[in-house]
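# Architecture at a glance
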Amino acid sequence: MMEKVVVLNQTHSRHPLLWLIIIFQFSLLFFSAFSAEITARKILKDKSKKSPKVRLEKTDEKVIINNGLVEVTIEIPTGHLLGIKYKGIDNVLETENDNDNRGYWDIVWDHEMYDKLATRHVIIITESDELVELSFTRVWNKTKDHGISSPVSVDKRYIVRRGVPGVYMYGIFKRRKYFPHTYIHQLRIVFKLKEDKFHFMALSDTQQRIMPRREDREHSHCQVLAYPEAVLLTNPINPKLKGEVDDKYQYSIESKDNKLHGWIADHDAVGFWIITPSDEFRTGGPHKQDLTSHVGPTALSMFVSNHYTGKDIAEFYKEGVAWKKAFGPVLIYLNSATFDHAHRYRKSLWKDAKKRLSKEIKSWPYSFAASKDYPHADHRGEVSGQLLVRDKYLHKQLMKAKSAFVGLAAPGRAGSWQTEGKGYQFWTQTDKAGRFSIKNVRRGKYNLYAWVHGFIGNYKLDRNVSVHAGYKKNLGTLIYDPPRSGPTLWEIGIPDRTAAEFFIPDPNPTFVNSILNHDDEKFRQYGLWDRYSDTYPHHDLVFKIGASNYSRDWFFAHVPRRTGNDTKATTWKIKFKLQEVNKSGKYTLQMALAAANFAEVQVRINKPDGSPHFTTNRIGYDNAVARHGIHGLYRLYSINVPGKGLRGGNNTIFLTQTRCKDEFMAVIYDYIRLEGPAV
């Protein structure tokens, strides 16, 4: 192109007519492109105009909302979702199920009591050509409902918008001061999809597969393994799945990543997706793991649960304390593609769903939700700043907290956000310079928390942050001093709150789930706890500082050893040498745990028997090992080790996990470090 320009410039003085012709041609091209742009905009505008209006039809038994793309049917007065009609499918939900077993909210409260949150009244909040919003309510009545339904008032909302193939759902839950005390263990929305159509599940770019059928989990088709949720498929309807393990916990995802999952009806080339553009209303912070989809076909929108945390996160609501919280909105999105036998439509549907997720994230907070308990953007605030790390034993200068997780959550102790769920949480990650900006924060009083990859412990700003409408606050430069008593003598692992860097064995070939073949999901394979006994059948793990490699020689979970039908407590040894020891000095063993379940770690220094130097006592309810989690709740122990207990030359630290009534009493280590006396 440049050569042509040069030639033209050379001929310009000799052929002015040719130059005029060229200018005319370029002008013609410009006006053609401009005209095409105008035409494209007009087409989009006309297409928007042609999008059918939203229409509402109400009878004594049900309400139907239709926008020309989807037809949503909701039962009156219960608020149960009866059906969604889309394309050629009259109902994507299972019509063989009862009305309260298709699309419904449910709650588990107190001593495993169960409530599907059927409501008693319906109110039309908004009805226009552009949008319909309905409210299904139930006010808890102490006389009628005590001991029968969960002591919480419910407002379930449905929104159908013009041009959107789906339905938005959110709920406002409220307790008054006179409501009796209660525990809430679980709160969610459940969708039971058409069993003869939806067989393909997608959770991420790599976790996608044809799923077993509901019948495959019946006794004649499977073998129940260590617990009811895990089964070995012995006679599945699809013979390709024979010999695989199915367990709903294998499909768990961290909240920060749990934004899109769903199912595909293959022969119809139709996708059903749950899109969650924000996790501000979920419990336990960005790393809380929870269920997504599982055999049924079942799709879940989880808001509250004790999965991977146990009762440490089961929220206790006291009598005399009022509470209100809005969960959602989430979008139930449907899409379609052209069927082809090569299954290329699956990629098209997933790609389109990801595009829709991106659009919903950009639109958050939504401007169309009518409840005053869901604040729009102009009623929210923003908090920013920069986080640096100070650790003189690593670097003389302040270090930038790269990719640190920084968040606002209810006031509490450092790290309390892991088990907090009554309020809202807002999280982000810092850039390379440690800068952060937390946007769209609801009005309220918060603490600022953080944790930094590569450093132990939890950061908490020593003052409250009160956010109001239009609030914009730069907190300036914040400095985190991670726990440290002296220089590092040796360390095992990486302080990242998981055991991902440790040795994760290959699964037993007879207990494999093919969806988990990628390295990132390998730890979710079934039965990995038993691989410890296979690896160490006669003696326990011994790790030699300077010789062993933690990615090869440190098993990812400290579990009991199987001996026949029994399980036995295990003691791991860390062997190390010290050139010299300050007998009057203070040494520190930093022991960070990524998870614990009914476990107790006893620490002994150079003495395998007798009273322990330190014990955690019994800790944890997260059941992360059984539920295929590489982490649960984070714990840090800074253990004082007097110099007189060490010796020049060879030393051994004994870590005994004493609890062994079953194979799931275990701890998962995050990181261990021995520090010398302060210098």
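Going by the structure above, here's the rest.
Here is a short report on the structure shown in this document. For clarity, every value in this text was computed on a predicted model and none was experimentally measured.

## What to know about helix H4 (residues 344–363)
Between its first and last C-alpha atoms H4 spans 29 Å; for 20 residues at 1.5 Å apiece the expected length is 28 Å, and the two agree. Along its buried surface, H4 packs onto strand E10 (166–175), strand E12 (198–202), strand E13 (208–210), strand E18 (260–265), strand E19 (270–275) and strand E24 (323–336).

## Quick look at the sheet that holds strand E14 (residues 222–224)
Pairing is antiparallel in the open sheet, where three strands are placed in the order E14-E15-E16. Edge positions in the sheet fall to E14 and strand E16 (245–246), since each of these pairs with one other strand and no more. Sheet analysis places strand E15 (residues 231–233) next to E16, joined by two bridges and oriented antiparallel. Bridged to Val231 within E16 is Asp246.

## Thoughts on the nonpolar core
One finds Phe191, Phe272, Leu387 and Leu448 to be the most contacted residues of the largest nonpolar core, which totals 109 residues. Counting contributing residues per domain, this core is built from domain 1 (55–363) and domain 2 (377–480), each supplying no fewer than three. Setting aside its immediate chain neighbours within four residues, Phe272 contacts Ile84, Val92, Phe191, Leu193, Phe198, His261, Gly262, Trp263, Ala299, Ile332, Tyr333 and Leu334. One finds Leu300, Ile492, Ala595 and Ala596 within the second-largest nonpolar core, a separate group that totals 64 residues.

## A few points about the pairing of strand E27 (residues 405–409)
Judged by how many residues are buried, E27 sits mostly within the fold: five of five residues are covered. Burial along E27 is two-sided: Phe405, Gly407 and Ala409 facing one way and Val406 and Leu408 facing the other are all buried. With five bridges connecting them, E27 and strand E30 (residues 444–451) associate as antiparallel partners. Pairing of Val406 across the sheet is with Ala450, part of E30.

About the thresholds
- Residues numbered from 1 in each chain as written.
- Predicted model: local features only at pLDDT ≥ 70, side-chain atom pairs only at ≥ 80, totals over all residues.
- Heavy atoms only, no water.
- Helix = DSSP H or I, 4+ residues; strand = E, 2+ residues; numbered from the N terminus.
- Expected span 1.5 Å × (residues − 1).
- Contact = heavy atoms within 4.5 Å.
- Pairing = 2+ DSSP bridges.
- Core = buried A, V, L, I, M, F, W, Y, C linked by side-chain atoms within 4.5 Å.
- Buried < 20%, exposed > 50% of the residue type's maximum accessible area, 1.4 Å probe, protein only.
- Domains from an automatic or database assignment.

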